[in-house]
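Descriptive analysis of the structure
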Amino acid sequence: MTRAWKNPLRDPRDKRLPRIAGPSSLVIFGVTGDLARKKLMPAIYDLAHRGLLPAGFSLVGFARRDWEHQDFGELVHDSVKEHARTPFKESVWNRLAEGIRFVQGTFDDDDAFDRLAQTVKDLDAERGTGGNTAFYLSIPPSAFPVVTKQLARSGLADASDETWRRVVIEKPFGRDLKSAKELNEIVNDVFPEESVFRIDHYLGKETVQNLLALRFANQLFEPIWNANYVDHVQITMAEDIGLGGRAGYYDGIGAARDVIQNHLLQLLALTAMEEPVSFAPRALRAEKVKVLSATKPLEPLDETTARGQYAGGWQGGSKVPGLLQEGGFAKDSTTETYAAVTLEVQNRRWAGVPFYLRTGKRLGRRVTEIAVVFKRAPHLPFDSTSTEELGQNALVIRVQPDEGITLRFGSKVPGTTMEVRDVTMDFGYGHAFTESSPEAYERLILDVLLGEPSLFPVNEEVELSWEILDPILDHWAKKGAPEQYPPGSWGPPSADEMLERTGRNWRRP
Ligand code: BG6
C-alpha cells in the first residue's frame, strides 16, 4: 500500500510528471552495462531532481564486481554527471546517495541473493521503503531464468497484501515466438502478469505519446485516417552510428529483432489502432493487441522485404569500419544492420494500405519519423505542366530529433502562371512549448514505481510482434549474407527497389 506523502522538492506548477512515487526501492541487475550507466541511473537522478521520488527512495546495484557501497555510489555519481538531463545539484545528489547500496555476487550465487534480500529488508527498516521493490533486469535474456528463480527462492519476489514486488524486463523479449513464450512463462511463474513491466522505451517518448493526442484529441485527422485517403505509411528509424562495442548483444540479433519487433511495431500499432474507449491501461492495450493481430507481412517476401549490412568507408569526413571489421563480430557474420519490411493491417480501415517499416545503422542521419502519405487528388483541374512538381500530401510525425509534426501539401508558386509545388507547415515542440520533455526512461521508471502499466507492452503484444516477424526472419535465414551498403547512405539498393516496384519511393528525411 502506498502512503500519501508530500514532497517539498516538487514544484506544484510542474504538470508534466505530476505523480510522485510512493515509498519504494529499486534493484538494478546489470549496473555496469551501457544502459544502466547512460540511461537508468541518470533518469533516477532526474526524477530525484524533479522531486518525484519518495523521501526514503533507495537504489541497490547488484553485480559481480568486488565493490563496496561507495564504489557503486561513484559509478552512479559519474554516470549522473555525464548523462543526466537536469543540472547536478549537491543537495539532490546527497539525498539520493544516502539510499545507495551495492550487493556483490553472481546470478547463481544463493548467498548473494540472500544478502540482497537482507539489504532490501534493512533499507525498509532504515529508510521506510514500505516493503515495495522493483527489480530491473538490465541483463541479457539468457540470464532472466536464473535471476527470476533466485528472486523467487530468496523470497524477494513475494509481495503481501500491503506491499508490491515488480519486475522490469528489457528487450529483446526472446529471439522468436517460441523463445518469447518460454521466457514469458518463466517470468510469469514467479511474477503475476500485472507485476511484469516490459520496457519499450519508445513508448516513453513524448512524441510517441503525442500520436494519441494528435489522433484522438482532434477532429481534423481521424476522418481521413484510413484506406480511402491514405496511400501508404512509412515508419523510419534511422541511425548514423555503427555497432562498435555492441557485438556481444547485436551479432546474431540484427536490426529486425533489435528494433522492428518492438519499437517500430509499437509505432505501427499506435498509428493504426482504433480509438480506445479510454486511456485506461486495459483499454489501450486491448486496441494494440487487436491491431497487431490483424498485421501480417505482405508476400512475396523476396520483393517486399530488404536487408543489408554496412560496409566500411567514409562517413561525415571520417573513415569507419564495416560491420565485419567491427571488434567482436564474426568475420562471416550475416547479421543485418538494415532491415525493411512491408506489412498490411488486414482490417476494414487499412485493407490495401502498405505499412513500410525500415531501420538501419550508419545511415545518412539519425531520424525517427512516421509519415502518413495520402493518395493523390482524384482529379487535378490544371494543365499537366502546372502540377509536375506536386507530390503527395503527407503528415509526418517527427519522433526525433527536431520533434514535431509536418504537413506537406501543394501550394501555388507566386507568379503569373499556375504552378503548384509542395510546401510544408510545421509544428515544432521547441517553438510551441517552453517545457522540455522528460527522457523516456524517466517517465517509464516513474510509471513502474507508481504501478502505472499503460506504456508497457503486455505479453500478448510481444508474442504477436514475433508472429509478424518470424516468417520474415525465417525467410532471411535461408538466404546467405545480406547486401552491403556504404556508410552514410540510405541502405542497400534492394530497399529502394522494394518500393520502386510499387511505384513509390522512400522519403529522404
Ligand atoms: C535501442 C536499440 O532499443 O534503441 C539500439 O537496442 C538503438 O540499437 C536504440 O540504438 C535507439 O534509441 P533512441 O532512443 O536513441 O532512438
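Residues numbered from 1 in each chain as written. Predicted model: local features only at pLDDT ≥ 70, side-chain atom pairs only at ≥ 80, totals over all residues. Heavy atoms only, no water.

1. Examining the site of the ligand
Operational definition: Think of it this way: one heavy atom of a residue within 4 Å of a molecule or strand is enough to make that residue near it. Contacts described as polar in this section are N or O atom pairs within 3.5 Å, which, within protein, must combine one atom able to donate a hydrogen with one able to accept it, while residues neighboring in sequence count only if both atoms come from side chains. Areas reported here follow the Shrake-Rupley algorithm with a probe of radius 1.4 Å; residue values treat only the protein chains shown as occluding. By the criteria applied, helices consist of DSSP H or I runs no shorter than four residues and strands consist of E runs no shorter than two, each listed in order from the N terminus. Polarity classes work like this: nonpolar for Ala, Val, Leu, Ile, Met, Phe, Trp, Tyr, Cys and Pro, charged for Asp, Glu, Lys and Arg, and polar for all others, with Gly in that last group.
The environment of the ligand is formed by 14 residues, the closest being Tyr202, Lys205, Glu239, Asp258 and Gln400. In the model, an oxygen atom of the ligand is placed 2.5 Å from a nitrogen or oxygen of the Tyr202 side chain. One of the side-chain N or O atoms of Arg366 is found 3.3 Å from an oxygen atom in the ligand. For the ligand, the protein covers 82% of the area, taking 400 Å² as the surface of the free molecule. Examining the composition of the shell around the ligand, we find that three residues originate from one element, helix α9 (residues 254–272), more than from any other. A per-class count over the shell around the ligand returns four nonpolar, three polar and seven charged.

2. Here we look at the packing of α9 against helix α10 (residues 281–293)
Basically, it comes down to this: In this analysis an axis means a line fitted to C-alpha atoms, helices contributing only their contacting stretch, and an angle means the value between N-to-C directions, from 0 to 180 degrees. The scheme is simple: roughly parallel for angles under 35 degrees, roughly antiparallel for over 145, roughly perpendicular for 65 to 115, oblique for anything else. By definition in these notes, contact holds between two residues if any of their heavy atoms fall within 4.5 Å.
Where α9 meets α10, the closest approach of the two axes is 9 Å, and the angle between their N-to-C directions is 105°. As summarised for this structure, α9 and α10 are arranged roughly perpendicular, according to the angle between their axes. Only Lys288, Val291 and Leu292 of α10 make contact with α9, whose side of the interface consists of Leu265, Gln266, Ala269, Leu270 and Ala272. Taken together, the residues of the contact of α9 with α10 break down into six nonpolar, one polar and one charged.

3. Structural notes on the pattern of salt bridges
Side chains that differ in charge, positive against negative, can pair when their charged atoms come close. Applied cut-off: By definition here, a salt bridge exists when the distance from a side-chain nitrogen of Lys or Arg to a carboxyl oxygen of Asp or Glu is within 4 Å. For the exposure calls, accessible area comes from a 1.4 Å probe over protein chains only, and a residue counts as buried if that area is under 20% of its type's maximum, exposed if over 50%, partly exposed in between.
Evaluation of the coordinates by the stated rule reveals 25 salt bridges. Residue Glu126 pairs with Arg101 through a salt bridge whose shortest N-O separation is 3.0 Å. Within this pair, whereas Glu126 is found in helix α4 (residues 110–127), its partner Arg101 is found in strand β3 (residues 100–104), the two being separated by 25 residues in sequence. Its relative accessible area of 54% is what places Glu126 among the exposed residues. One salt bridge in this structure joins Arg508 and Asp496, with 3.5 Å as the shortest N-O distance. Of the two residues, Arg508 is situated in the segment after α15 (493–500) and Asp496 in helix α15; the sequence distance between them amounts to 12 residues. According to the relative accessible area criterion, Asp496 is partly exposed, its value standing at 22%.

4. Concerning α15
In plain terms, the rule: By construction, the arc corresponds to the directions joining the helix axis to the C-beta atoms.
Along α15, the residues that are buried comprise Ala495, Met498 and Leu499. Along α15, the residues classed as buried sweep out an arc of 90° about the axis, all on the same side. Each element contacted by the buried residues of α15 is listed here: β7 (230–238), α11 (301–304), β9 (305–310), β12 (338–345) and β13 (354–360).

5. Details of the sheet that holds strand β5 (residues 165–170)
As a general point, the strands of a sheet are linked pairwise by backbone hydrogen bonds and lie either parallel or antiparallel. What counts here: DSSP bridges decide pairing: two strands pair if at least two such bridges lie between them.
Ordered in space as β3-β2-β1-β4-β5-β6, the six strands form an open sheet in which the pairing is parallel. Both outer strands of the open sheet, β3 and β6 (196–199), are each paired with one neighbouring strand and no more. Averaged over all pairs of adjacent strands, the angle between strand axes in this sheet comes to 20°, irrespective of strand direction. Pairing geometry for β5 and β6, over four bridges, is parallel. When the bridges of β6 are listed, Val167 appears paired with Val196. Seen against the sheet, α4 touches β1 (25–29), β2 (58–63), β3, β4 (133–137) and β5 and runs at an angle of roughly 165° to β3. Contacting β5 and β6, helix α6 (residues 177–190) runs over the sheet at an angle of about 145° to β6.

6. What about a nonpolar patch on the surface?
Cut-off, in case you're wondering: What goes into a patch is any residue over 30% in relative accessible area without a salt bridge, connected to like charges within 9 Å or, for nonpolar side chains (Val, Leu, Ile, Met, Phe, Trp, Tyr), within 5 Å.
On the surface, a nonpolar cluster with roughly 240 Å² of combined accessible area is contributed by Leu380, Phe382 and Met418. In this structure, Phe382 sits in the loop between β14 (367–374) and β15 (394–400). Judged by its relative accessible area of 35%, Phe382 is partly exposed.

7. Topic: unusual backbone geometry
A cis amide bond, omega -5°, links Glu299 with the succeeding residue Pro300. Within the element layout of this structure, Pro300 appears in the loop between β8 (295–297) and α11. Cis peptide bonds are those with omega within 30 degrees of zero, and the linkage from Gln400 to Pro401 qualifies with -15°. Topologically, Pro401 is positioned in the loop between β15 and β16 (404–412). Its identity is not glycine, yet Arg362 carries a phi of approximately 50°, on the positive side. Inspection of the secondary structure puts Arg362 in the loop between β13 and β14. Residue Arg362 is classed as buried on the basis of its relative accessible area, which comes to 11%. Positive phi, normally seen in glycine, also occurs at Asp402, with a value near 50°. Among the secondary structure elements, Asp402 is positioned in the loop between β15 and β16. Here Asp402 falls in the exposed class, since its relative accessible area comes to 52%.

8. Some points on the pairing of β16
Inspection of the sheet shows β15 paired to β16 by five bridges, in the antiparallel sense. If you follow Arg398 over to β16, its bridge partner there is Gly404. In textbook terms, the turn of a hairpin is the stretch between consecutive antiparallel strands, and for β15 and β16 this stretch comprises three residues, one of which, Asp402, has a positive phi near 50°. Alignment of β16 against strand β17 (residues 420–428), held across nine bridges, turns out to be antiparallel. Bridging from a neighbouring strand, Thr406 pairs with Asp426 of β17.

9. So, the packing of aromatic side chains
To be explicit about the condition: Two rings from Phe, Tyr or Trp (for Trp, the six-membered ring) form a pair when their centres sit within 6.5 Å of each other. Planes less than 30 degrees apart are called stacked, planes more than 60 degrees apart edge-to-face, and all others tilted.
The full count for this structure, using the stated rule, is 17 aromatic pairs. Centroid distance Trp67 to Phe102: 5.3 Å. Interplanar angle 55°. Geometry classified as tilted. With Trp67 in the loop between β2 and α2 (69–83) and Phe102 in strand β3, this residue pair connects regions lying 35 residues apart in the sequence. A relative accessible area of 6% places Phe102 in the buried class. Their ring planes at 85° and their centres at 6.1 Å tell us that Phe427 and Phe433 sit as a pair that is edge-to-face.

Just geometry here; none of it tells us what the structure is for.
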